[in-house]
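Here's the letter readout for the chains.
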Amino acid sequence: MRLRWLAYPYVLWTVVFTVAPLLLVAWFAFTAVQPDGSSAFTLDGFRSIVAGDRVPLDLLGLQEVFGLTVGVPLYVNVFVKSLQIALLSTLACLLFGYPAAYLLARRRARQRGGTDLLLLLFVIPMWMNALLRTYAWLALLEPNGIVNTVLAAVGLPKGQFLYNDFGIGLGMVYNYLPFMVLPIYSVLVKVDRSLVEAAEDLGADRRRVFTRVVLPLSMPGVMSGVNMVFMPAMTTFLIPNLLGGGRYMLIGNVIERQYMIARDWTTASALSIVLLVFVLASMRFMTRYEKGNEGGGVLL
Amino acid sequence: MKLGRAVRGSYLSLVFVFLYAPVAVLIVFSFNAAKSRSVWGGFTLEWYRKLFSNAEILSSLRVTLIVALLSAAIATLVATVTCIGLDGLTKRRRAVVMNLTYVPIVNPDLVTGISLMLLFVFLQLPLGFVTLLLAHVAFNIPYAILSILPKMKQLDRHLYEAALDLGAKPSQAIARVILPEIMPGVVTAMILTFTLSIDDFVISYFTSGASVSNLAITIYSMARKSVNPQINALSALMFLTVLVLLLVVNFRSNRDLGKTKEGRTR
Amino acid sequence: MAEGTRPILELVGVNKSYGDTQVLTDISFPIRSNEFITLLGPSGCGKTTTLRILAGFERPDSGDVLFEGASLLDVPPFKRRLNTVFQRYALFPHLDVFENVAFGLRLRKTPEAEVKARVAAALKTVDLDGYGKRWVDQLSGGQMQRVAIARAIVNGPEILLLDEPLGALDLKMRKEMQIELKDMQKRLGITFVYVTHDQEEALTMSDTVVVMREGVIQQVGSPTDVYNEPRNAFVADFIGESNILPARMEKDFEIAFAGHRFACVDRRRAEADVDVVVRPEDIVLAPPVEGGLNGVVTSVVFKGVHYEMIVECDGTEWMVHSTDQAAEGDRAALVFGPEDIHVMDRSPFSPDAHGILPADLAGRAARASADEGDPDR
Ligand SMILES: Nc1ncnc2c1ncn2[C@@H]1O[C@H](COP(=O)(O)OP(=O)(O)OP(=O)(O)O)[C@@H](O)[C@H]1O
Ligand SMILES: [Mg+2]
């Protein structure tokens, strides 16, 4: 068709709205505004990341257990901490989400055709704004919140759930669990029933049908689920800001504050670049194992 | 066997409790007379009344809807035109364009929001309604393209030529032959981009500036300031809307499915 | 044939339904050790279901499956000493060819050296040595087929169930695989339970053929039996080209059909309504004779080895296979001997009797078919 000129405006658009903005982040990371208003090349942004004030490395409280203190630059500490929380949340989503996806898929296979009401029920909370879903946990977890009221009523000690690793992790698991379940579910429902029968036929009992056939076949779903949870968990600023009570720092809200409050755009942009490179690299690493799977497609 | 079934059933139930407990709490406490998120003080509808007279919320609701409608319409239009054109590009060039299209989808929202903010600052566009709209169009276009492109691929390339052969002008051929064929993809794109725009917080947060707020930003600042049960009331209404919409959509697609099934057996 | 040997596996009065549809009705037949037994029937007749009951993927509603005399019903599939080659292969896409074949051995914790040796041997048996490292999506249909077979036989099953294993292959490949499979079965001495809807395949490969229709067994017998002595018109029609006509026994060794009386080799009750089948290759075309079964050749098609001709006699079309060519429009007499007439009991599949019997019998036949009510066809 001789209609290719119709695509040209969009090409221009992507140059302005996709390429240029990313280049600008790099530009700001390597420049600083001088007192006279001009910009000059600088490496201060990156330098402050690797050579900032030293703080004891935070390993989710484990450093106290083992009595070890390692001094690392502030930003490195935040980065490591974000990575820990994101990985743990991803793991938790996987551990809780896989069985849920498996059970949903099994029900689906039995029922054949029609809508899967349970899956619909599963998706509905996702359609609520992430903000509201996170906000909802405040009522449950705050010091005099509902969970603590219930605990007190049954005679258990109250717990501190907000403003700490637990609260943040819970917020992440709650927000991102569907991102784990849906890709796994969509792969599991497509697993050919005859492959399960073939495995049984060759002598596999139920446990081994699962470990040798179903689980390996669902790995693409697991991979894309891990991706879809890890990335937002690593970069969120909403969850630490809402559930962290203003004191809890992850890389996402550190960057946000640098831009919006501290206005140190050089450091903020440098941090953004480091984060972006890290996230894209880890994603690339994961998708290597993902053979032609369109996991994200089921979200809507 | 029976034990296994009970365990499986209760596991799923627990997951659903986990998913719905916060939502239920939000909704219940939207009727709470006490100004608390978690201590019950009697039934009231006051928060709903306040919500509907809260100028800030109403104006940000308006902004949200206008931005969603406009950005969905613009993004879908651009994507439709682009998809028709993409077909004629060489393979190499198409691959380049598609890779660029994937960038905003793959990028974390945080980075997309920041980079767009930097763009607007660099272009000396004051942050406000226009930048908010541009940002939404920018993150919507890739999703619209990905919704329409599969339909375009299914399209028989000779249809367009056949139309020209029969005497249609290119514009007529597009309007009468290509558009009707890719219409389902266009509708999907419209719905998808509309919902994405309504749902977005992060990118809006960086690109709207101080003068304009959409609903998400208003809720965020309310939530950070103090306890405000109006948020609960708003959440309850939004949840209900989503629920009804989803059920309607689902019911309709089920009915269509039933129809095609019947048609086939006849 | 394996007549004397006692059955290794046996289906006894098996019934199965899905919801309201009865899929299998009173299925009983023995499977003897080392035989090649084929389930044959049109699509949807319940062949796969029968096989799945043998493999243990489905449980019959009633009836039993006996393995060496003991019920198999409560033995789960993974403990049954038989293996299946699935209709669509069901190869594991996450494993390469070698690991697919090794799957069953690994489950039984076979030592690695033995796994290697046995997989290599199995791949050699199916002519795929050197393919171990390939992924299954890099194989042709025939190769996938052979991997599926290797995956089953490597476990040394006593019985191999094969569900239309050649269904997805082109004609040439099919022929080759038929020979290979038969050869393999003889060499390995495994009992094959084979499913197909291709009658030629069934006749050329099997020791025993089980003909099914809508979940009911029509006939069990050797290929020669079902071909030469079909039990009813359905079997005659399904197994090969045939001329099937309604007929009436006059007395022992005499039968009437197509408006004529013929000598035959069967004895039945006089006046019994029956069907006859005359195979096209048993008919000879001769110059017309007075009082003979005369007709006009209406179509001649060359089929490679023989000519397939349609001869119309008094409104009935006969199919004749002959190496001698006739011309369209020729008049000819159909000639066949008493031993070429195979008499069968009437069945719901019998052809319409109208206008085919000799004039003096037509009235009676009409009355008879009216009594029969609504013949199910
Ligand atoms: N799981 C099922 N649920 C409901 N009906 C079924 C099921 N499996 C098979 N049937 C029905 O049972 C009948 C027999 O099916 P079966 O698969 O045994 O046929 P088949 O002889 O193998 O046919 P084909 O040659 O097409 O493979 C069919 O009418 C089919 O529709
Ligand atoms: Mg079948």
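Because the structure is a prediction, the values reported are computed rather than measured.

Definitions and limits used
Residues numbered from 1 in each chain as written. Chains lettered and ligands numbered in written order. Predicted model: local features only at pLDDT ≥ 70, side-chain atom pairs only at ≥ 80, totals over all residues. Heavy atoms only, no water. Helix = DSSP H or I, 4+ residues; strand = E, 2+ residues; numbered from the N terminus. Buried < 20%, exposed > 50% of the residue type's maximum accessible area, 1.4 Å probe, protein only. Areas by Shrake-Rupley, 256 points an atom, 1.4 Å probe, with all protein chains shown as cover. Lys, Arg positive; Asp, Glu negative; His and termini not counted. Charge placed at Lys NZ, Arg CZ, Asp CG, Glu CD. Pairing = 2+ DSSP bridges. Contact = heavy atoms within 4.5 Å. Buried area = accessible area lost by both parts, 1.4 Å probe. Salt bridge = Lys/Arg side-chain N within 4 Å of Asp/Glu carboxyl O. Polar contact = N/O pair within 3.5 Å; in protein donor to acceptor, adjacent residues only side chain to side chain. Nonpolar A, V, L, I, M, F, W, Y, C, P; charged D, E, K, R; others polar. Near = heavy atom within 4 Å. Disulfide = S-S within 2.5 Å.

Moving on to the overall build of chain A. From N to C terminus, chain A includes 13 helices and 4 strands. Reported as C-alpha extents along the three principal axes, the dimensions of chain A are approximately 75 × 75 × 35 Å. For chain A, the proportion of its 300 residues judged to be buried stands at 56%. Accessible area for chain A stands at about 13,400 Å²; split by element, carbon and sulfur atoms hold 68% of it. Charged side chains of chain A number 24 positive and 17 negative; the gap between the two group centres comes to 7 Å.

All names here are of chain C. When strand β9 (residues 208–213) meets strand β10 (residues 216–221), the two strands line up antiparallel, connected through 5 bridges. Within β10, the residue paired with V211 across the bridge is Q219. Connecting β9 to the antiparallel partner β10 that follows it, the hairpin turn spans 2 residues, and E214 within it adopts a positive phi of roughly 45 degrees.

So, about the interface of chain A and chain B. Contact residues are listed per partner, giving 78 residues for chain A and 82 residues for chain B. Between chain A and chain B the total buried area reaches about 7,400 Å² when both faces are included, carbon and sulfur atoms providing 77% of it. The tally of links from chain A across to chain B stands at 0 salt bridges. Here chain A is connected to chain B by 7 residue pairs in polar contact (both at pLDDT 80 or more). Counting residues per element, the side of chain A that touches chain B draws most heavily on helix α1 (residues 8–29) of chain A, which supplies 15 residues. Its residues placed into classes, the side of chain A that touches chain B shows 58 nonpolar, 13 polar and 7 charged.

This part takes up the environment of A:V173. Among the structural elements, A:V173 can be located in helix α8 (residues 165–190). Discounting chain neighbours no more than four positions away, the residues touching A:V173 are A:S89, A:A92, A:C93 and B:F18.

Residues and elements named next belong to chain C. Residues in contact with ligand 1, as listed here, are Y18, V23, S43, G44, C45, G46, K47, T48, T49, Q87, E164 and H197. K47 is positioned such that a nitrogen or oxygen atom in its side chain is 2.8 Å from an oxygen atom of ligand 1. Between ligand 1 and the protein, one listed contact pairs an oxygen atom with a side-chain N or O atom of T49 at 2.5 Å. Expressed as a share of its isolated accessible area of 630 Å², the protein-covered part of ligand 1 is 62%. Of all the elements, helix α1 (residues 47–55) adds the most residues to the shell around ligand 1, at 3 residues.

In this section: the state of the cysteines. Residue and element names in this part refer to chain C. Counted according to the given criterion, the structure contains 0 disulfides over all chains. There is no disulfide at C264, and the cysteine sulfur nearest it, in C313, is 19 Å away. Taking relative accessible area as the criterion, C313 reaches 4% and is therefore assigned buried.

Keep in mind these numbers describe shape, not what the thing actually does.
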